[in-house]
Amino acid sequence: MKTVGFIISNQNFRDEELFYPLDILEAKGIKNIIISLEKKECFGKLGAKIEPDLALEDVNINDFDAIVFVGGAGCRDFWYNNIAHKICQDMKNSKKLLASICSSVATLAYAGVLNGVRANSFKTEREILKDNGAILSDDGLVFDEKHKILTANGPEMAKDFGKKILEIL
């Protein structure tokens, strides 16, 4: 069974960027693990509440086929987080799927894994990607097959993002 880890902030994650992909993957029998900074109830921008299965510091990438960073204002918690950066670097080095949507793509940029990688993000973070070596794309959904990194520009891409994660897995 494939396992996907969804990394969300404890406050203000984008509900649809978590739940659309989560539902698409669950419907096909993929196991999903919710990860947050702290193992305490998380609150979405649109009112969702979810209990994480794992704290960020307890992530072992060997337990996952893919890691997904979810956007929303709260994702800034991970931009400068060394543990999040190490997860990004380890996923890229092990050639496992690393996916990120909306503002959370900045975490990948700051982790140093987007250098030379085709990517997109929410418009307010595009400069961060460019400054960290990403090859900017205007496509709403961008899969850099060589590096196994999937990025999307915002909540309107959440369903397509989920379908693409499923297709890649």
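Analysis parameters
- Residues numbered from 1 in each chain as written.
- Predicted model: local features only at pLDDT ≥ 70, side-chain atom pairs only at ≥ 80, totals over all residues.
- Heavy atoms only, no water.
- Helix = DSSP H or I, 4+ residues; strand = E, 2+ residues; numbered from the N terminus.
- Buried < 20%, exposed > 50% of the residue type's maximum accessible area, 1.4 Å probe, protein only.
- Lys, Arg positive; Asp, Glu negative; His and termini not counted.
- Salt bridge = Lys/Arg side-chain N within 4 Å of Asp/Glu carboxyl O.
- Pairing = 2+ DSSP bridges.
- Disulfide = S-S within 2.5 Å.
- Contact = heavy atoms within 4.5 Å.
- Axes fitted to C-alpha atoms, helices over the stretch in contact; angles between N-to-C directions.

**With respect to the side chain of D144**
Argument step 1. Following the sequence through the fold, D144 ends up in strand β11 (residues 141-144).
Argument step 2. Here D144 occupies a buried position and makes no salt bridge, while the nearest side chain of opposite charge, R118, is found at 5.6 Å.

**Some points on the pairing of β11**
Argument step 1. By the bridge criterion, 4 bridges tie β11 to strand β12 (residues 149-152) in an arrangement that is antiparallel. For V142, the partnering residue across the bridge sits in β12 and is T151.
Argument step 2. Hairpin connection of β11 to β12: 4 residues between the antiparallel strands, including K148 at a positive phi of 55 degrees.

**A few points about the state of the cysteines**
Argument step 1. Counting across every chain of the model gives 0 disulfides.
Argument step 2. C75 supplies the cysteine sulfur nearest to C88, a cysteine that is in no disulfide, at a spacing of 12 Å.
Argument step 3. Take C102: it sits in no disulfide, and the sulfur closest to it among the cysteines is that of C75, at 6.9 Å.
Argument step 4. Under the relative-accessibility criterion, C102 is labelled buried at 5%.

**Re the environment of G71**
Argument step 1. Within the secondary structure, G71 is located in the loop between β7 (66-69) and α2 (82-93).
Argument step 2. G71 gets classed as buried once you look at its relative accessible area, which sits at 0%.
Argument step 3. For the pair formed by G71 and F143, sequence separation is 72 residues and the distance between their alpha carbons is 17 Å.
Argument step 4. Those residues in contact with G71 that sit more than four places away from it in its chain are N12, F13, R14, E17, I101, C102, S103 and S104.

**A few points about the environment of R76**
Argument step 1. Inspection of the secondary structure puts R76 in the loop between β7 and α2.
Argument step 2. As a C-alpha pair, R76 and S104 span 28 residues in sequence and 7.1 Å in three-dimensional space.

**Quick word on the sheet that holds strand β4 (residues 42-44)**
To summarise the sheet geometry, strands pair through backbone hydrogen bonds and adopt either a parallel or an antiparallel arrangement.
Argument step 1. What the 3 strands build is an open sheet, ordered β2-β4-β5; its pairing is mixed. Of all the strands in the sheet, the pair left with one neighbour each is β2 (11-13) and β5 (49-50).
Argument step 2. Where β2 lies against β4, 2 bridges are found, and the strand directions are parallel. Across the sheet, F13 pairs through a bridge with G44, a residue of β4.
Argument step 3. Packed onto the sheet, helix α1 (residues 15-27) meets β2, β4 and β5 and runs at close to 55 degrees relative to β2.

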